[in-house]
Number of protein chains: 2
Amino acid sequence: MGKLLIVGTVAFDVIETPFAKTDKIMGGAANYIAVAAAQFGVNAAIVSIVGEDYPQPFLNLLTDRNIDISGIEIVKGGKSFFWSGKYHNDMNVRDTLETQLNVLSDFKPVVPKAYKDAKVLMLGNLHPKIQLDILKQMNKKPNLVVLDTMDYWMNNTWELLVEVISKVDVITINDQEARQLTGEYSLVKAAQKIMNMGVKYVVIKKGEHGVLLFHQDSVFFAPALPLEEVFDPTGAGDTFAGGMVGFLAKTDDYSFENIKNAVIYGSNLASFCVEKFGAERVLELSKEEIRERLFRFKELTQFEMKIA
Amino acid sequence: MGKLLIVGTVAFDVIETPFAKTDKIMGGAANYIAVAAAQFGVNAAIVSIVGEDYPQPFLNLLTDRNIDISGIEIVKGGKSFFWSGKYHNDMNVRDTLETQLNVLSDFKPVVPKAYKDAKVLMLGNLHPKIQLDILKQMNKKPNLVVLDTMDYWMNNTWELLVEVISKVDVITINDQEARQLTGEYSLVKAAQKIMNMGVKYVVIKKGEHGVLLFHQDSVFFAPALPLEEVFDPTGAGDTFAGGMVGFLAKTDDYSFENIKNAVIYGSNLASFCVEKFGAERVLELSKEEIRERLFRFKELTQFEMKIA
């Protein structure tokens, strides 16, 4: 079983949907990723930063799951990263109401010694400068580096972002961002261009429309599970990434065939994430529920092919 | 091999895309359905109506494929149904520029004697009154009745449409129309409500995002093939239906497992349809191309499941 290092935000979220509204809950990419990956029983650590206002019980949710938090810097007198957003009836669209970077604006990440040889490195959505810094701190190239990013970094730190992309094995990105990154409307063409930037696997997230996995000339598709109700989509993308890297760190197999399974597990965990606010549902999840849902994914996609 | 009866429009289309514009080409639901179904070598007939202006070469494209056109009424001095539309850069959205019903406004369909015992009946998108009339003309209930419809009939002929729905086995409908028909945003809930209206299989078409097939408590998903370029989406939905009913008429097996294959074949043929204007690409298609693409669908969706 390989070690998994996760870099990303540890934050407060306040979420409003047509159904309900939260107080300040546990949020941030690294939290979602770690909680999902922990379902695979891997050794995982987070590199991040919070303020003194960050509640110990939130951190305990991580340590209870054997997640090493020695790489989470706690800034005395500092305030944690804060995000609030609002969803409308069409849950595919959300408005960001407020973003406070707070301690994140001055973040100098430090990789814990024990994780400088991590087999899998998950670079959650953050400033590409920080992502590059982490890559430099590793003792040796991890077996797999996965990058998540967003349009903000394309608009503001293009050259740094391109440099990070050239150094990673897998990128997860949504469809609109893939189009923006490449200037190609066709996702097939966009994925080819991103692979030409140096990435082996391109994972394009289409929300409720599933995930496309591109590798060389091949493509694999994992649908999202059709659900009766989406309660809160916040964190679904990060939970997807967490399920993916958790499965990969556990299996230590980076073949196309195994990465197909990884995106199915990612979609599996993401399908739970949207059932409650934030990471609530994934925090209470059992291995049996994940296995049962895996068979629902199988039923959803697998068929006995007949040649007419 | 079962007989397939197809009811729908036989028309002129004029299509404009960001890339090019057509003259008056062969269009209409029945044409697309029949040309796709003909790939399976089934005995098929069309019930429809055209004006005297409809070109013999267009009809020859059908008879060349052994499609019985004795049920296509040709109105002396009449003008054929005409539709023109324009696509923008996002090919998911189109504007209808002009619709002329012409001879269609006075259509009294007559099922050819030899097809009153058809095993599969495909009711293409038309006035529900005409669809009901066809059902009444059948000698016995077909093994499978498939209905396609659209929002226009929901808005204008609600009660007749509900009556047709109660008499069919399969409905094909797009995601927005499924929501409008049921008042449910969730497609899972929408499909359940439609099944409660008397339908055994609900096929929800999501365009480039694929197709959901609902049956009892089960759901199967067929993705659209990711393409480098979509040249013209006109007729893709009808071509999908044609591939589906062609395969089902050929195999005469209406189990859930076989209908999964039918929606894969429908998606297969639709993926060709969008490569050229109108039905052009499907008209020139070979069995080998369809088989090769079937293996691409397999590669796209099938995986060796690993339990983590």
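Let me begin by describing the structure that accompanies this report. Not measured: the values here are computed from a predicted model.

So, about the pattern of salt bridges. It is possible for side chains bearing opposite charge to pair when their charged atoms get close. All names here are of chain A. Applying the stated criterion across every chain yields a total of 31 salt bridges over all chains. Among the salt bridges present, the one from E257 reaches K260, with a minimum N-O distance of 3.1 Å. Of the two residues, E257 and K260 are both situated in helix α9 (residues 256-273); the distance of three residues between them amounts to about one turn of the helix. Taking relative accessible area as the criterion, E257 reaches 30% and is therefore assigned partly exposed. Residue K260 is classed as buried on the basis of its relative accessible area of 6%.

Take the packing of helix α8 (residues 236-251) of chain B against helix α9 (residues 256-273) of chain B next. Residues and elements named next belong to chain B. Interaxial distance between α8 and α9 falls to 7 Å at its minimum, and their mutual angle equals 140°. Between α8 and α9, the angle falls in the class oblique. In this structure, the crossing between α8 and α9 has a hand that is right-handed. Across from A236, T239, F240, G243, M244, F247, L248 and T251 in α8, the residues of α9 making contact are N258, I259, N261, A262, V263, Y265, G266, S267, L269, A270 and C273. Class assignment of the residues belonging to the contact of α8 with α9 gives a composition of 12 nonpolar, seven polar and no charged.

A few words now on the packing of aromatic side chains. Using the criterion set out here, one finds 23 aromatic pairs over all chains in the structure. Relative to F220 of chain B, the ring of F303 of chain A has its centre 5.8 Å away and its plane inclined at 80°; by these criteria the two rings are edge-to-face. Of this pair, F303 of chain A sits in the segment after α11 (287-301) while F220 of chain B sits in strand β13 (residues 218-222), which puts the two residues in different chains. Classification of F303 of chain A by relative accessible area gives buried; the value is 9%. The buried category is assigned to F220 of chain B, whose relative accessible area is 0%. Pairing Y54 of chain B with F58 of chain B gives two aromatic rings, centres 5.5 Å apart and planes at 75°, and the pair type is edge-to-face. Judged by relative accessible area, Y54 of chain B falls into the buried class, the value being 7%. For F58 of chain B, a relative accessible area of 17% translates into the label buried. By way of ring pairs, the aromatic residues F12, Y54 and F58 of chain A are connected into one cluster. Just above the ring of Y115 of chain A sits the side chain of K3 of chain A; from NZ or CZ to the centre is 5.6 Å.

Our focus in this paragraph is the interface of chain A and chain B. Facing 45 residues of chain A, the contacting portion of chain B comprises 45 residues. Approximately 4,300 Å² of surface area, both sides summed, lies buried where chain A meets chain B, with 57% of it carried by carbon and sulfur atoms. Of all residues in chain A, F303, K306 and A308 of chain A give up the largest surface area on contact with chain B, accounting jointly for 17% of the area buried on that side. Seen at the junction of chain A and chain B, the total is four salt bridges. Here chain A and chain B share 28 residue pairs in polar contact (both at pLDDT 80 or more) between them. With eight residues, α11 of chain A is the largest single contributor of residues to the side of chain A that touches chain B. Residue composition of the side of chain A that touches chain B, grouped by class: 20 nonpolar, eight polar and 17 charged.

What counts, and where the lines are drawn
Residues numbered from 1 in each chain as written. Chains lettered and ligands numbered in written order. Predicted model: local features only at pLDDT ≥ 70, side-chain atom pairs only at ≥ 80, totals over all residues. Heavy atoms only, no water. Salt bridge = Lys/Arg side-chain N within 4 Å of Asp/Glu carboxyl O. Helix = DSSP H or I, 4+ residues; strand = E, 2+ residues; numbered from the N terminus. Buried < 20%, exposed > 50% of the residue type's maximum accessible area, 1.4 Å probe, protein only. Axes fitted to C-alpha atoms, helices over the stretch in contact; angles between N-to-C directions. Parallel < 35°, antiparallel > 145°, perpendicular 65-115°, else oblique. Left-handed = near helix turned anticlockwise from the far one by under 90°. Contact = heavy atoms within 4.5 Å. Nonpolar A, V, L, I, M, F, W, Y, C, P; charged D, E, K, R; others polar. Phe/Tyr/Trp six-rings, centres within 6.5 Å; stacked < 30°, edge-to-face > 60°. Lys NZ or Arg CZ within 6 Å of the ring centre and 35° of its normal. Buried area = accessible area lost by both parts, 1.4 Å probe. Polar contact = N/O pair within 3.5 Å; in protein donor to acceptor, adjacent residues only side chain to side chain.

None of this, on its own, says anything about what the molecule does.
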